[in-house]
Amino acid sequence: MSDRRQFDLTLSILIVLFLVVMLWSMIGLNRTIALFEGWSAINLIVSDDPAVPAPEQWATRPLHWAIYVFAYELDTSSMFGFNLTLIVLNALRGLLTLAVLRQLFPDSKFIPLAVTVLFIVYPIGNGYFNFRALPIQLALNLGLVAVWCLLLYWKEPRRWLWVVILSAQIVSLLTYELLYAVFGLVPVLMWWLERRVFFDRRFVRVSALWYSLYALASARLLYLLARGTGGYVSGRVDERLSDKSIPSLIVDITAQLYADHIRFWWIAAKFLDESVRVTGTALLVALFVVAASWYLLQRDEQRLSWTSLGVLVAGGIVFMFVAYLHNLPIAERASGFRVFFSATLGAAFVIAVILYGIRQRAPFGLAIALVGIFATTFIGTADTMLQNHYYAELSMERQRVLAKIIETVPHPDPDTTLLVIDEGLLFKGSEQPNPRSSHLNEALEFIYGYRVDVHMCALVPRNETCTFSEDSIQFESRVGEQSFEIAYDNVILFQTTETENVVFLEEIPERYIDADVPYNPEALIDRDAPYPANAKTFFTCFPLESCDNFPSLDFRQKYREYR
């Protein structure tokens with residue numbers, strides 16, 4: 001590799017790493033505590049509780065928890081390992097995308113960098129910074145490893161590459177069903193490298209090898225779903241496909257693509273003024289990307305005809321379309337961060353190719369392309385940083401509830417029920433992220449070291465609702481269709497308020513129940529018990545009073561309204 005080409009590669013790598021670092025510049029390594037599967041994963045690793053999900057519940061994803069085990073073992077005393085793993089996976093997502101695109105466009109310096117940057121900060125959906133996305137990120141990264149090695153093999157056959165390809169492919173497919181659909185498109189990349197239509201023996205042999213484990217994994221998935229033995233995933237597959245014709249499905253996906261990939265750019269632009277620090281950081285990132293793009297475009301040797309440009313744009317759209325297919329059987333997940341991890345790669349590719357076509361074909365093309373990459377990088381980076389901040393605030397709100405419970409009841413009796421009345425409606429059960437009672441149970445089970453019965457509910461109809469009567473508290477949950485009574489003499493009540501506080505209720509307010517009920521929480525609390533050790537390491541700050549500055553809810557609520 002020549003010195004100039006080596007410098008181009010080094011510059012692109014540094015830009016990608018700089019971008020990833022900037023995305024965490026406001027949050028840091030250890031601020032975000034576990035949400036959703038984070039607590040589930042820790043319990044699965046450390047608990048012998050028979051209530052922990054059995055392996056058959058993850059039949060379609062037998063390697064789903066592997067990345068959580070890795071993250072936890074990095075640091076078993078805090079969330080440092082989880083945060084570091086998430087950062088590394090995001091960096092690898094960028095570097096592997098860059099590597100794949102440099103194989104596909106060896107003469108282009110701009111397209112690989114532009115696609116990679118936009119893929120990392122594409123302003124769509126949510127969940128990129130949630131620990132529940134760790135298996136999705138791992139599956140995507142391993143898929144990119146498999147594709148990269150396939151392209152290397154196509155250019156220079158080396159048998160050991162197939163060990164990497166098949167290993168990465170099968171682990172990806174058994175970790176998360178993110179790439180089942182798009183893996184089927186991969187052999188087309190070999191056609192692009194050859195720039196000709198061919199079905200010679202080598203192409204057929206290489207394609208057959210690529211499809212071998214992919215076909216077996218796909219057949220296994222379909223078999224488990226057909227039998228209803230796919231555990232978690234089988235439980236969420238509905239009858240949606242049986243009621244839809246192929247034309248109507250195409251219309252549905254097209255409408256979803258438009259809604260997701262047009263609307264969210266507008267939403268992201270509306271939040272550019274929400275934080276001076278975010279806007280300033282995004283501006284800095286965009287300027288670095290533009291400077292690198294200007295340099296790389298000056299040296300770019302790629303020449304694409306109108307036909308090639310059209311084929312590439314159409315290919316990116318097809319990739320986006322196919323990326324949505326694997327979520328079709330699950331109505332609740334037809335759109336969302338699960339599909340965006342793959343679909344946004346196609347969207348970023350389309351934008352980059354269009355900008356490159358403008359650079360080649362339009363008057364003042366260089367200036368227009370640079371303005372385009374600046375605007376998209378600026379908006380995308382700001383939105384992605386805000387999303388990271390959003391999850392940090394949400395984590396701190398969850399931490400506030402957990403910390404108040406632990407401060408008040410440092411060692412609860414396992415037979416005692418802890419009930420959080422979400423009067424401030426901080427956690428609306430119909431929205432993502434949805435902190436249902438099960439997640440509080442998982443968190444406190446790990447912190448206390450044993451299972452505690454804890455529930456969160458609202459006084460108005462939500463996913464989980466509480467109704468006070470003279471005899472007991474009626475808890476009803478639309479999640480799992482649960483309904484049971486909680487005795488007053490065996491419950492400790494907490495309350496969230498509109499002013500962001502979490503309050504221990506020494507007495508039951510009259511607006512809950514205007515009657516004399518046997519509620520005496522002090523009889524259930526051992527004030528001399530020590531705090532659990534895990535609370536001091538897995539929380540950002542503990543005790544609660546040591547937290548000097550909880551973030552304002554104003555931003556999070558505004559952001560969630562649009563998301």
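Residues numbered from 1 in each chain as written. Predicted model: local features only at pLDDT ≥ 70, side-chain atom pairs only at ≥ 80, totals over all residues. Heavy atoms only, no water.

## Here's the deal with the sheet that holds strand β5 (residues 482-486)
Backbone hydrogen bonds are what pair the strands of a sheet, in a parallel or an antiparallel way. Ordered by their spatial adjacency, three strands build an open sheet running β3-β4-β5, and the pairing between neighbours is antiparallel. With one partner strand each, in any of the chains shown, β3 (464-468) and β5 form the two edges of the open sheet. Taking each pair of neighbouring strands and ignoring which way they run, the sheet shows an average axis angle of 15°. Pairing geometry for strand β4 (residues 473-477) and β5, over five bridges, is antiparallel. The partner of I473 across the bridge, within β5, is I486. (Pairing = 2+ DSSP bridges. Helix = DSSP H or I, 4+ residues; strand = E, 2+ residues; numbered from the N terminus. Axes fitted to C-alpha atoms, helices over the stretch in contact; angles between N-to-C directions.)

## Quick word on helix α9 (residues 201-227)
Counted at 1.5 Å a residue, the expected span for α9 with its 27 residues is 39 Å, and the 37 Å between its end C-alpha atoms agrees. Along α9, the residues that are buried comprise F203, V206, S207, W210, Y214, A217, S218, L221 and L224. Looking one or two residues beyond α9, the residue adopting positive phi is G228, at roughly 75°. (Expected span 1.5 Å × (residues − 1). Buried < 20%, exposed > 50% of the residue type's maximum accessible area, 1.4 Å probe, protein only.)

## Let's talk about the packing of helix α7 (residues 160-175) against α9
Running from amino to carboxyl end, α7 crosses α9 at an angle of 20°, the nearest separation of the two axes being 10 Å. Regarding the angle of α7 to α9, the classification is roughly parallel. The way α7 lies across α9 gives a crossing that is right-handed. From α7, W162, I165, L166, Q169, I170, L173 and L174 reach across to α9, where they touch V206, L209, W210, S212, L213, Y214, A217 and R220. (Parallel < 35°, antiparallel > 145°, perpendicular 65-115°, else oblique. Left-handed = near helix turned anticlockwise from the far one by under 90°. Contact = heavy atoms within 4.5 Å.)

## Things to note about the packing of helix α11 (residues 276-299) against helix α14 (residues 365-408)
One way to put it is that α11 packs onto α14 with a least axis distance of 8 Å and a crossing angle of 145°. As for how α11 packs across α14, the hand of that crossing is right-handed. Residues of the contact of α11 with α14, tallied by class, amount to 18 nonpolar, six polar and no charged. (Nonpolar A, V, L, I, M, F, W, Y, C, P; charged D, E, K, R; others polar.)

## A look at the packing of aromatic side chains
If you walk through the whole model with that rule in mind, you get 21 aromatic pairs. Ring geometry for W65 and Y68: centres 5.2 Å apart, planes at 45°, overall tilted. Accessibility classification places W65 together with Y68 in one group, the buried group. Between F105 and W192, the ring centres sit 5.8 Å apart and the planes meet at 50°, which makes this aromatic pair tilted. Here W192 lies in helix α8 (residues 188-194) and F105 lies in the loop between α4 (80-104) and α5 (110-121), a separation of 87 residues in the sequence. Like F105, the residue W192 is buried in the burial classification. Grouped by ring-pair contacts, the aromatic residues W65, Y68, F82 and F131 constitute a single cluster. Over the face of the ring belonging to W154 we find R202, whose NZ or CZ atom lies 4.0 Å from the ring centre. (Phe/Tyr/Trp six-rings, centres within 6.5 Å; stacked < 30°, edge-to-face > 60°. Lys NZ or Arg CZ within 6 Å of the ring centre and 35° of its normal.)

## A look at the pattern of salt bridges
Following the criterion strictly, the structure yields five salt bridges and no others. Of the charged contacts, one joins E177 and R61 as a salt bridge, the two residues approaching to 2.7 Å between their closest N and O atoms. Of the two residues, E177 sits in the loop between α7 and α8 while R61 sits in the loop between α2 (37-46) and α3 (66-74), which places them 116 residues apart along the sequence. With relative accessibility at 3%, the residue R61 sits in the buried group. Linking R511 and E423 is a salt bridge whose minimum nitrogen-to-oxygen distance equals 2.9 Å. A residue pair is termed long-range when its members are at least 10 positions apart, and R511 in the loop between β7 (502-504) and α16 (533-538) and E423 in the loop between β1 (417-422) and α15 (437-448) qualify at 88 residues. Its relative accessible area of 57% is what places R511 among the exposed residues. (Salt bridge = Lys/Arg side-chain N within 4 Å of Asp/Glu carboxyl O.)

## Some remarks on the confidence of the model for the chain
Of the residues in the chain, 84% reach a pLDDT of 70 or more, and the chain-wide mean stands at 83. By mean pLDDT, helix α17 (residues 553-562) is the weakest element of the chain at 49, and α5 is the strongest at 96. Every residue in residues 429-435 scores below 50 in pLDDT, and together they form 21 contacts with partners more than four places removed in sequence or on other chains. In this model residues 550-556 is a low-confidence stretch, pLDDT under 50, and it forms 22 contacts with partners more than four residues away in sequence or in other chains. (pLDDT = per-residue confidence, 0-100.)

## A short note on the layout of surface pockets
In this structure, the second largest pocket spans a volume of roughly 710 Å³. Around the second largest pocket sit 28 residues that line it, and L104, L185, L189, G315 and F319 are the ones nearest its centre. Here the lining of the second largest pocket takes six residues from helix α12 (residues 306-323), the largest share from any one element. In terms of residue class, the lining of the second largest pocket is built from 22 nonpolar, six polar and no charged. (1 Å grid on protein atoms, 1.4 Å probe; cavity = no way out; pocket = protein on both sides within 12 Å on 5 of 7 lines; lining within 4 Å. Points joined across faces, edges and corners; volume = space filled by probe spheres on them.)

## Quick notes on the sheet that holds strand β2 (residues 453-457)
If you trace the four strands from one edge of the open sheet to the other, you get β2-β1-β6-β7, paired in mixed fashion. At either end of the open sheet lies a strand with only one pairing partner, and these are β2 and β7. Averaged over all pairs of adjacent strands, the angle between strand axes in this sheet comes to 20°, irrespective of strand direction. Relative to β2, β1 runs parallel, the two sharing five bridges. Note that in β2 the partner of I421 across the bridge is C457. Sitting on the sheet, α14 touches β1, β2, β6 (491-496) and β7, and the angle it makes with β7 is about 20°.

## With respect to the state of the cysteines
Two cysteines joined by a covalent bond between their sulfur atoms form a disulfide. Under the criterion given, the structure shown has one disulfide. A disulfide bridge connects C457 with C466, and the sulfur atoms are separated by 2.0 Å. Looking down the S-S bond of the C457 and C466 bridge, the torsion is -100°, so its handedness is left-handed. (Disulfide = S-S within 2.5 Å.)

## Examining the nonpolar core
Judged by nonpolar contacts, the single largest core of 174 residues is most densely connected at W39 and L419. Here the element with the most residues in this core is helix α6 (residues 134-155); it accounts for 16 residues. When sequence neighbours within four positions are dropped, the list of residues in contact with L419 reads H455, C457, C466, I473, F475, I486, V491, I492, L493 and F494. (Core = buried A, V, L, I, M, F, W, Y, C linked by side-chain atoms within 4.5 Å.)

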